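A look at the structure
Take a look at the letters that make up each chain.
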Amino acid sequence: MSWDAFESEASVMFRRLMGDHPVVPTSTMKHPRHTIESGSLYLVDRDRGLHLLRPFLTTEVCETCHNWSTFHADKERGQLVQKSLEHGHNYPYKADARVLQQVVLL
């Protein structure tokens, strides 16, 4: 994301994630807010409003298969893990667990 103070808009690079194909082109859109988190997932509504999905869903390279994956927080055998939606791989949760407490997931 890059912010243009004179135009009061952000240029946001995004990938339209839908279907099951992991390789999708990058596109750009303009948005009137500068509070967009770089690297976080958002849903875009029909009015092009952005809705933050973190901490419910995050993306990163999976430590197990080394593919870009979407993760959600889960508990396995009493331990907090992040689990890949695409591959089912999981490993210990590394993000700040306080965020999960704030949204009552923990």
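Refer to the preceding data block for the structure.
Residues numbered from 1 in each chain as written. Predicted model: local features only at pLDDT ≥ 70, side-chain atom pairs only at ≥ 80, totals over all residues. Heavy atoms only, no water.

**Observations regarding the side chain of Thr 59**
Inspection of the secondary structure assignment puts Thr 59 in strand β6 (residues 58-61). Relative accessible area serves as the criterion here: at 15%, Thr 59 is assigned to the buried category. Setting aside anything within four residues of it in sequence, one finds Thr 59 in contact with Gly 39, Leu 41, Trp 68, Ser 69 and Thr 70. (Helix = DSSP H or I, 4+ residues; strand = E, 2+ residues; numbered from the N terminus. Buried < 20%, exposed > 50% of the residue type's maximum accessible area, 1.4 Å probe, protein only. Contact = heavy atoms within 4.5 Å.)

**A few points about the layout of surface pockets**
Taken as a whole, the largest pocket holds about 1,300 Å³ of empty space. Lining the largest pocket are 37 residues, with Phe 14, Arg 15, Arg 16, Leu 17 and Leu 41 sitting closest to its centre. Those elements that place two or more of their residues in the lining of the largest pocket are β2 (9-15), β3 (26-31), β4 (42-44) and β7 (68-76). Sort the elements by how many residues they give to the lining of the largest pocket and β2 lands first, with four residues. For the lining of the largest pocket, a count of residues per class yields 20 nonpolar, 11 polar and six charged. (1 Å grid on protein atoms, 1.4 Å probe; cavity = no way out; pocket = protein on both sides within 12 Å on 5 of 7 lines; lining within 4 Å. Points joined across faces, edges and corners; volume = space filled by probe spheres on them. Nonpolar A, V, L, I, M, F, W, Y, C, P; charged D, E, K, R; others polar.)

**Considerations on unusual backbone geometry**
Glycine aside, residues mostly have negative phi, and peptide bonds are mostly found in the trans state. Here the amide bond leading from Arg 54 into Pro 55 is cis, since omega sits at 15°, within 30 degrees of zero. Residue position: Pro 55 is located in the loop between β5 (50-52) and β6. Here the phi dihedral of Ser 8 falls at roughly 55°; this positive angle occurs in a residue that is not glycine. Mapped onto the elements, Ser 8 comes out in the loop between β1 (2-4) and β2. Of note, Arg 77 is a non-glycine position whose phi angle comes to about 55°, a positive value. For Arg 77, the position within the fold is in the loop between β7 and β8 (79-84).

**Structural notes on the sheet that holds strand β9 (residues 90-92)**
With antiparallel pairing, the four strands of this open sheet are ordered in space as β6-β7-β8-β9. The open sheet has two edge strands, β6 and β9, and neither has a second partner. Taken pair by pair, the neighbouring strands of this sheet meet at an average axis angle of 45°, ignoring direction. Both β6 and β7 contribute to a ladder of four bridges, which runs antiparallel. When the sheet's bridge partners are listed, Thr 58 is paired in β7 with Phe 71. (Pairing = 2+ DSSP bridges. Axes fitted to C-alpha atoms, helices over the stretch in contact; angles between N-to-C directions.)

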